[in-house]
Amino acid sequence: MILSDKRILEEIEKGTIVISPYDRKYLGTNSYDVHLGKYLATYKDRVLDAKSHNEIEHFEIPAEGFVLQPGTLYLGVTEEYTETHAHVPFLEGKSSTGRLGIDIHATAGKGDVGFCNTWTLEISCAQPVRIYAGMPIGQLIYFVVEGDVETFYNKKGNAKYNGRTVKPVESMMWKNQF
Ligand SMILES: Nc1ccn([C@H]2C[C@H](O)[C@@H](COP(=O)(O)OP(=O)(O)OP(=O)(O)O)O2)c(=O)n1
């Protein structure tokens, strides 16, 4: 089950969903629109290694926007810091971004109960496209979780992406033991 606009509002009032900054006008029928933060990042190396710590370089999107190029993975970040304490948040694209050929996540749209942070976006594009800080980039939807949660993401000792980051965060796959 996905939370409706009224249920999202109730959860915000209770504090079990936090979205900051928040504006009522971005609440859809059953979703909340999130916006592109001003920082992007790209990996320093062209060839990435899943066992290594692949470093990134951050840069700011200028006022005139930034043209994404196909064939490069860009990491972006939502302007919104979120906390979700009792539901499973999902980051989805928007039809309007999809129609520009922009993907905002690569394979991972699911969040965890207890996740507290901005969302890192794994951005790629089908053809060159100019993007702007502050543009609507995606939407959050909230699923009801069935059963009790034993370990909330923000209480997990080895959670890789919890915190309060204003810039995109690179893959921490290197912390996995494999
Ligand atoms: N595009 C996305 C998808 C998810 N997340 C956040 C919300 C999730 O709660 C958190 C962790 O996501 P995963 O569980 O998919 O990631 P990992 O399994 O790689 O990390 P961990 O070991 O920390 O669970 O990352 C994000 O910032 N951007």
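Preceding block: the structure.
What counts, and at which threshold
Residues numbered from 1 in each chain as written. Predicted model: local features only at pLDDT ≥ 70, side-chain atom pairs only at ≥ 80, totals over all residues. Heavy atoms only, no water. Salt bridge = Lys/Arg side-chain N within 4 Å of Asp/Glu carboxyl O. Helix = DSSP H or I, 4+ residues; strand = E, 2+ residues; numbered from the N terminus. Buried < 20%, exposed > 50% of the residue type's maximum accessible area, 1.4 Å probe, protein only. Near = heavy atom within 4 Å. Polar contact = N/O pair within 3.5 Å; in protein donor to acceptor, adjacent residues only side chain to side chain. 1 Å grid on protein atoms, 1.4 Å probe; cavity = no way out; pocket = protein on both sides within 12 Å on 5 of 7 lines; lining within 4 Å. Sits in = over half its atoms within 2 Å of the grid points. Nonpolar A, V, L, I, M, F, W, Y, C, P; charged D, E, K, R; others polar. Phe/Tyr/Trp six-rings, centres within 6.5 Å; stacked < 30°, edge-to-face > 60°. Lys NZ or Arg CZ within 6 Å of the ring centre and 35° of its normal. Points joined across faces, edges and corners; volume = space filled by probe spheres on them. Pairing = 2+ DSSP bridges. Axes fitted to C-alpha atoms, helices over the stretch in contact; angles between N-to-C directions.

Attention now goes to the pattern of salt bridges. Within this structure, the stated rule accounts for seven salt bridges. Between Glu11 and Lys14 there is a salt bridge, and its shortest N-O distance comes to 3.3 Å. Note that Glu11 and Lys14 are positioned in helix 1 (residues 5-14) at a spacing of three residues, about one turn of the helix. Using a relative accessible area of 2% as the deciding quantity, one classes Glu11 as buried. Judged by relative accessible area, Lys14 falls into the exposed class, the value being 59%.

In the vicinity of the ligand lie 14 residues, with Ala108, Asp112, Thr120, Tyr153 and Lys160 positioned nearest. With respect to the ligand, the side chain of Glu122 contributes an N or O atom lying 3.3 Å from a nitrogen atom. With respect to the detected pockets, the ligand is housed in the largest pocket. For the shell around the ligand, the per-class residue count stands at six nonpolar, three polar and five charged.

Take the packing of aromatic side chains next. Two aromatic rings, taken as a pair, are described by how far apart their centres are and by the angle between their planes. This model, assessed by the stated rule, comprises seven aromatic pairs. On the numbers, 5.8 Å between centres and 75 degrees between planes, the contact of Phe66 with Tyr74 is edge-to-face. Taking NZ or CZ as reference, Arg164 lies 3.7 Å from the ring centre of Tyr81, over its face.

Bringing the layout of surface pockets into the picture now. Over the atoms a probe the size of a water molecule is rolled, and this reveals where empty space is left. Of the pockets and cavities examined, the largest pocket occupies roughly 710 Å³. With five residues, strand 9 (residues 116-125) is the largest single contributor of residues to the lining of the largest pocket. Classifying every residue of the lining of the largest pocket by side-chain character gives 12 nonpolar, nine polar and six charged. Forming the walls of the second largest pocket are Thr42, Tyr43, Lys44, Asp45, Arg46, Leu48, Gly71, Thr72 and Leu73.

This next bit is on the sheet that holds strand 2 (residues 32-35). Here three strands make up an open sheet; going across it, the order is 2-11-7 and the pairing antiparallel. Each edge of the open sheet carries a strand with a single partner, namely strand 2 and strand 7 (87-92). Within this sheet the neighbouring strands show an average axis-to-axis angle of 35 degrees, counted without direction. Where strand 7 meets strand 11 (residues 136-144), six bridges bridge the pair, whose relative direction is antiparallel. When the bridges of strand 11 are listed, Leu91 appears paired with Leu140.

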